[in-house]
Amino acid sequence: MNTTVVAQLQRQFQDYIVSLYQQGFLDNQFSELRKLQDEGTPDFVAEVVSLFFDDCSKLINTMSASLERPDNVDFKQVDSGVHQLKGSSSSVGAQRVKNVCISFKECCHVQNREGCLRCLQQVDYEYKMLKTKLQDLFNLEQQILQAGGTIPQVDIN
Amino acid sequence: MAEVLLPRKMEIPNDPSKFGSPDLLHVLAVDDSHVDRKFIERLLRVSSCKVTVVDSATRALQYLGLGVEEKSVGFQDLKVNLIMTDYSMPGMTGYELLKKIKESSAFRQVPVVIMSSENILPRIDRCLEEGAEDFLLKPVKLSDVERLRDSLMKVEDLSFTKSTQKRELETENAYPVHSQLKRAKI
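Residues numbered from 1 in each chain as written. Chains lettered and ligands numbered in written order. Predicted model: local features only at pLDDT ≥ 70, side-chain atom pairs only at ≥ 80, totals over all residues. Heavy atoms only, no water.

1. Here's the deal with the interface of chain B and chain A
Taken together, the contact pairs 13 residues of chain B with 17 residues of chain A. The largest share of the area that chain B buries against chain A comes from Val35, Lys38 and Arg42 of chain B, three residues that together contribute 45% of it. At the boundary of chain B with chain A, the tally comes to two salt bridges. Here Lys38 of chain B ties to Glu47 of chain A by a salt bridge, and the two come within 2.8 Å at their closest N and O atoms. The biggest single contributor to the side of chain B that touches chain A is helix α1 (residues 34-46) of chain B, with eight residues. (Contact = heavy atoms within 4.5 Å. Buried area = accessible area lost by both parts, 1.4 Å probe. Salt bridge = Lys/Arg side-chain N within 4 Å of Asp/Glu carboxyl O. Helix = DSSP H or I, 4+ residues; strand = E, 2+ residues; numbered from the N terminus.)

What follows is the structure, encoded as structure tokens:
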């Protein structure tokens, strides 16, 4: 094992994950998820976030359909979708997605279709952005493991 | 020379909820969110609980044998120590599930914990009034689960101690031959 390479990768990983927290992509719940992962369940976090991204994609599609016709918007259904999205984003620590959902809910309550469409676009953007970031993070993890190192536990407090 | 008589094998019921196995509590978790199901399952496993997860209140009732078409017969051996359910679910809510459980003679003693992402006081009150053991705000913390587990294990502890004492008394009476052999030592 090349300890310099491992140390470099670990440093890279640490800096990257800290930046994700600092930029508000992730909140403390993500670190709670990481604590639940161990050698016996090395893919736990990746699996949970994967389910989350599936949820995002599915819910965004159904909400988009509900918002399509200006004269016939089912705000109850949109609100239900946002509620689910807010819940799962909260469970994985996807802070930016969750925050958009809060505004999104407001737009639903006042039946503001334009506002809803903007929020929908934003939520789509945010989840895809997070997906890319986390993919990069998981890739770094893989590189560390392949180089024979261990993944650092990062304290964000 | 005395014959060696092997004692008859004791029949101990295979009860996963008692000591002897690392999985002490069997928890039934109910949530319509796939993400939350995966999360709560992991929390419970990390806390050394046996877990069964279902995606709706209807399926929970089916699992417990309380479904519309089923009778409670045959489910006497099903041991569930705790039910954790999400509040907002399509179809039957966690609150309605709570009521159905409290109405059933087989399961009304099982503690039911409600989980919700919304901190709505009247909702919490309603659930507690209906007999919920606790109301947890999502995302649920590991410390919440550990606290629940510890308080429930204390209850199981007491009932287990009583049942082992009872079992010991019973086996003494069941094997008088064995105790006679013990006395006739060479």
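2. Structural notes on unusual backbone geometry
All names here are of chain B. Cis peptide bonds are those with omega within 30 degrees of zero, and the linkage from Lys138 to Pro139 qualifies with -5°. Positive phi outside glycine occurs at Ser48, with the angle close to 60°. Taking the relative accessible area as the measure of exposure, Ser48 reaches 36% and is therefore partly exposed. (Buried < 20%, exposed > 50% of the residue type's maximum accessible area, 1.4 Å probe, protein only.)

3. Examining the UniProt feature "domain: HPt" (unreviewed entry) in chain A
UniProt records the feature "domain: HPt" (unreviewed entry) at residues 41-148 of chain A, using the numbering of this structure. End C-alpha to end C-alpha, residues 41-148 of chain A measures 18 Å, and it is 84% helix and 0% strand. (UniProt positions renumbered as here; feature names shortened; annotations may be inferred.)

4. As for the pairing of strand β3 (residues 82-86) of chain B
Residue and element names in this part refer to chain B. With five of its five residues buried, β3 lies for the most part within the structure. Of the two faces of β3, the one lined by Leu82, Met84 and Asp86 and the one lined by Ile83 and Thr85 are each fully buried. Pairing of strand β1 (residues 25-30) with β3, which is carried by four bridges, proceeds in the parallel orientation. Across the sheet, the residue bridging to Val27 is Leu82, located in β3. Pairing between β3 and strand β4 (residues 112-116): four bridges, direction parallel. Bridge assignment links Asp86 to a residue of β4, and that residue is Met115. (Pairing = 2+ DSSP bridges.)

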